[in-house]
2 protein chains.
Amino acid sequence: MGIKERKGRHKEDLKARILEAAKKLFITKGYEATSIRKIAAEIEFSPTTIYLYYKDKTDIAYALHQEGFGLLRERFSTLEYVDDPFERLKAMGRGYIQFAVDHPDFYELMFIMKEPMQYLQAHHPEEEWPEGERVFDGLIQTVEGCKARGYFGDMNAEEMAMLSWSVVHGLCSLHITSHFKHIAEKCSQVAIAKQDTLLENVFQTYLQLLERMK
Amino acid sequence: MGIKERKGRHKEDLKARILEAAKKLFITKGYEATSIRKIAAEIEFSPTTIYLYYKDKTDIAYALHQEGFGLLRERFSTLEYVDDPFERLKAMGRGYIQFAVDHPDFYELMFIMKEPMQYLQAHHPEEEWPEGERVFDGLIQTVEGCKARGYFGDMNAEEMAMLSWSVVHGLCSLHITSHFKHIAEKCSQVAIAKQDTLLENVFQTYLQLLERMK
DNA sequence: CAAAGGTACTTAACACTGTTAATCAATCAA
DNA sequence: TTGATTGATTAACAGTGTTAAGTACCTTTG
């Protein structure tokens, strides 16, 4: 049955090419400008062909969302070799923030937009967002490592992990939606540094709180 | 010149009616389903009439965004009578979270979506987001009140305010986009409480960090 | 070999969207 | 009574996601 395999591979091929075209448009022009028709034009197929490989647009959004998590895990992968859990926690936070700054479009798709999660809920209700869980599990383990070394007292590790995620996500989210920009300009006196280092500064403020929990 | 006044009032009247119709659709059906044509149908006018009163759709989005800030300030207004600044800070956080839970659509328009800020940047570059500044100024003052009473040591008040905002916004944002829901189900063992109190619990974890800074 | 069936893809169409140009009717000032 | 201004409308453009129907082509079967 070699033919079936070839066909299957060909099918996968086109599916991959669709995603590649979608990613290209998405990165260069943003999500808004990434329409089904433009993706189809990019690979020189009819728009309706897309629907033979992806259920709807949210399906493509979720696929791109997964691509983004691939990039994020890549950044985090090397951090597994950092022995000191608190150092690792700090590095994870900085890596997360840097990822959001480097790939704002991906970040939006992964953590701000509703589409991908809507797809997940609508078409795979049994699966529990494997991409997110995988990264978050790493965070929990790191927090538990910190606790084992005497940090954070008797605090709940999962809640501590959620708090840390909320801090960096809040920072990245307000940065990307340009909410920070509009209030930073006003109140930036001598104390607050430039826009560039604002995220890092506020994150350090958080780290100072954590360090006093040792 | 009584006629001109009447005309002006009439103009304001229709502008207000458009916004009211937009708000009604927005609250009941969400932002996606709130189209120019549906707003027009609601007030029984032609779709193009909208453009005589609002520049484009982001203009309407910003007007709704302002409405939302009116609601938020309403919640915060009574807190000005709380003398103890740390108690006020805690109450502001809880009020902010409760606002996001009660009015998720408004919250999205105010702090998650890009449209309103885009409108601000495009059509009023000189103004620096007065709604946001007004609320944020209140937060800074509260943090400075805390510092005056010996909290937060020598930490920068503005950065501390930004951190606090990031924490609650991160929580609310991840809650509304249903990111939290998908990871909470998995990891919720005995320790982590129900979905309902998750935001409050993580916020309390943050407060515990703050309290140790006294 | 020819008929039948399935696969991969396309064309045409539906029901929308935001937005603009041109137009019409009514009211105002000269 | 003209003429200009104002307020609202119709028609249209250029796009969107999505579905139903149709067309080639290739494989399998009689």
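Computed from a predicted model, the values in this text were never measured in an experiment.

Concerning the nonpolar core
Stage number 1. F152(A), W165(A), F152(B) and W165(B) are the most contacted members of the largest nonpolar core, which totals 150 residues.
Stage number 2. Here W165(B) is in contact with L174(A), H179(A), F180(A), I183(A), Y96(B), F111(B), W129(B), F136(B) and L139(B), once residues within four sequence places are set aside.

Here's the deal with the pattern of salt bridges
Residue and element names in this part refer to chain A.
Stage number 1. Counted under the stated rule, the structure contains 14 salt bridges over all chains.
Stage number 2. A salt bridge links E200 to R94, with the shortest nitrogen-to-oxygen separation between them at 3.0 Å. On the criterion of sequence distance, the pair formed by E200 in helix α11 (residues 195-211) and R94 in helix α5 (residues 85-102) is long-range, its members being 106 residues apart.
Stage number 3. Note on R94: relative accessible area 34%, which makes it partly exposed.

Some thoughts on the interface of chain A and chain B
Stage number 1. With 56 residues of chain A at the contact, the number on the chain B side is 56 residues.
Stage number 2. For the pair chain A and chain B, the summed buried area comes to about 5,300 Å², and 66% of that belongs to carbon and sulfur atoms.
Stage number 3. E108(A) is the partner of K114(B) in a salt bridge, and the nearest nitrogen-oxygen pair spans 3.1 Å.
Stage number 4. Put simply, chain A and chain B have nine residue pairs in polar contact (both at pLDDT 80 or more) between them.
Stage number 5. Counting residues per element, the ones that place at least two in the side of chain A that touches chain B are α6 (104-112), α7 (115-123), α8 (130-148), α9 (157-176), α10 (179-187) and α11 of chain A.
Stage number 6. Broken down by element, the residue count for the side of chain A that touches chain B peaks at 14 residues, all from α9(A).
Stage number 7. When its residues are assigned to classes, the side of chain A that touches chain B shows 30 nonpolar, 15 polar and eleven charged.

A closer look at the packing of helix α4 (residues 57-77) of chain A against α8(A)
All names here are of chain A.
Stage number 1. Contact geometry of α4 with α8 gives a least axis separation of 10 Å together with a crossing angle of 15°. The angle between the axes of α4 and α8 places the two elements in the roughly parallel class. At the point where α4 passes α8, the crossing takes the left-handed sense. Residues Y62, H65, Q66, F69, L72, R73 and F76 of α4 touch α8, and the partners they reach there are P130, E131, G132, R134 and V135.
Stage number 2. Looking at the contact of α4 with α8, its residues break down into six nonpolar, three polar and three charged.

Notes on the state of the cysteines
Stage number 1. Counted under the stated rule, the structure contains zero disulfides over all chains.
Stage number 2. For the unlinked cysteine C172(B), the closest cysteine sulfur is that of C172(A), found at 17 Å.

Looking at the relation of the copies chain A and chain B
Stage number 1. The two copies are related by a screw motion: chain A maps onto chain B through a turn of 180° and a shift of 0.0 Å along the axis, at an RMSD of 0.0 Å. Seen this way, the second copy is the image of the first under a two-fold rotation axis. Looking at the rotation axis and the C-alpha trace of chain A, the residue lying nearest is G170(A), at 1.9 Å.
Stage number 2. Both copies share a contact surface, since 100% of the interface residues of chain A are interface residues in chain B too.

What about the protein's contact with DNA strand D?
Stage number 1. Taken together, 18 residues lie near DNA strand D, and S35(A), R37(A), T48(A), T49(B) and Y53(B) sit nearest.
Stage number 2. Among the atoms of DNA strand D lying within 4 Å of the protein, the sugar-phosphate backbone contributes 47%.
Stage number 3. T48(B) places a polar side-chain atom, nitrogen or oxygen, 3.2 Å from a base oxygen of DNA strand D.
Stage number 4. Of the residues in the surface near DNA strand D, the class split is six nonpolar, six polar and six charged.

Points about the confidence of the model for chain A
Stage number 1. Residues at a pLDDT of 70 or more form 91% of chain A, whose mean pLDDT is 91.
Stage number 2. Throughout residues 1-7 of chain A the model reports pLDDT below 50, and contacts reaching past four residues in sequence, or to other chains, amount to zero contacts.

Points about the protein's contact with DNA strand C
Stage number 1. Inspection of the region around DNA strand C gives 20 residues, with S46(A), T49(A), Y53(A), R37(B) and T48(B) positioned closest.
Stage number 2. Within the side chain of Y53(A), one N or O atom sits 2.5 Å away from a phosphate oxygen of DNA strand C.
Stage number 3. One of the side-chain nitrogen or oxygen atoms of R37(B) is found 2.5 Å away from a base nitrogen of DNA strand C.
Stage number 4. Where the surface near DNA strand C is concerned, the elements lending two or more residues are α1 (2-29) and α3 (50-53) of chain A together with α2 (36-42) of chain B.
Stage number 5. Looking at the surface near DNA strand C, its residues break down into six nonpolar, seven polar and seven charged.

Description of the environment of G132(B)
Stage number 1. Here G132(B) lies in helix α7 (residues 130-148).
Stage number 2. Its relative accessible area of 6% is what places G132(B) among the buried residues.
Stage number 3. Residues G132(B) and F69(B), spaced 63 residues apart in sequence, show a C-alpha to C-alpha distance of 7.9 Å.
Stage number 4. Apart from residues lying up to four places away in sequence, G132(B) is in contact with I183(A) and F69(B).

Reading guide: rules and limits
Residues numbered from 1 in each chain as written. Chains lettered and ligands numbered in written order. Predicted model: local features only at pLDDT ≥ 70, side-chain atom pairs only at ≥ 80, totals over all residues. Heavy atoms only, no water. Core = buried A, V, L, I, M, F, W, Y, C linked by side-chain atoms within 4.5 Å. Buried < 20%, exposed > 50% of the residue type's maximum accessible area, 1.4 Å probe, protein only. Contact = heavy atoms within 4.5 Å. Salt bridge = Lys/Arg side-chain N within 4 Å of Asp/Glu carboxyl O. Helix = DSSP H or I, 4+ residues; strand = E, 2+ residues; numbered from the N terminus. Buried area = accessible area lost by both parts, 1.4 Å probe. Polar contact = N/O pair within 3.5 Å; in protein donor to acceptor, adjacent residues only side chain to side chain. Nonpolar A, V, L, I, M, F, W, Y, C, P; charged D, E, K, R; others polar. Axes fitted to C-alpha atoms, helices over the stretch in contact; angles between N-to-C directions. Parallel < 35°, antiparallel > 145°, perpendicular 65-115°, else oblique. Left-handed = near helix turned anticlockwise from the far one by under 90°. Disulfide = S-S within 2.5 Å. Least-squares fit on C-alpha atoms with pLDDT ≥ 70 in both. Near = heavy atom within 4 Å. pLDDT = per-residue confidence, 0-100.

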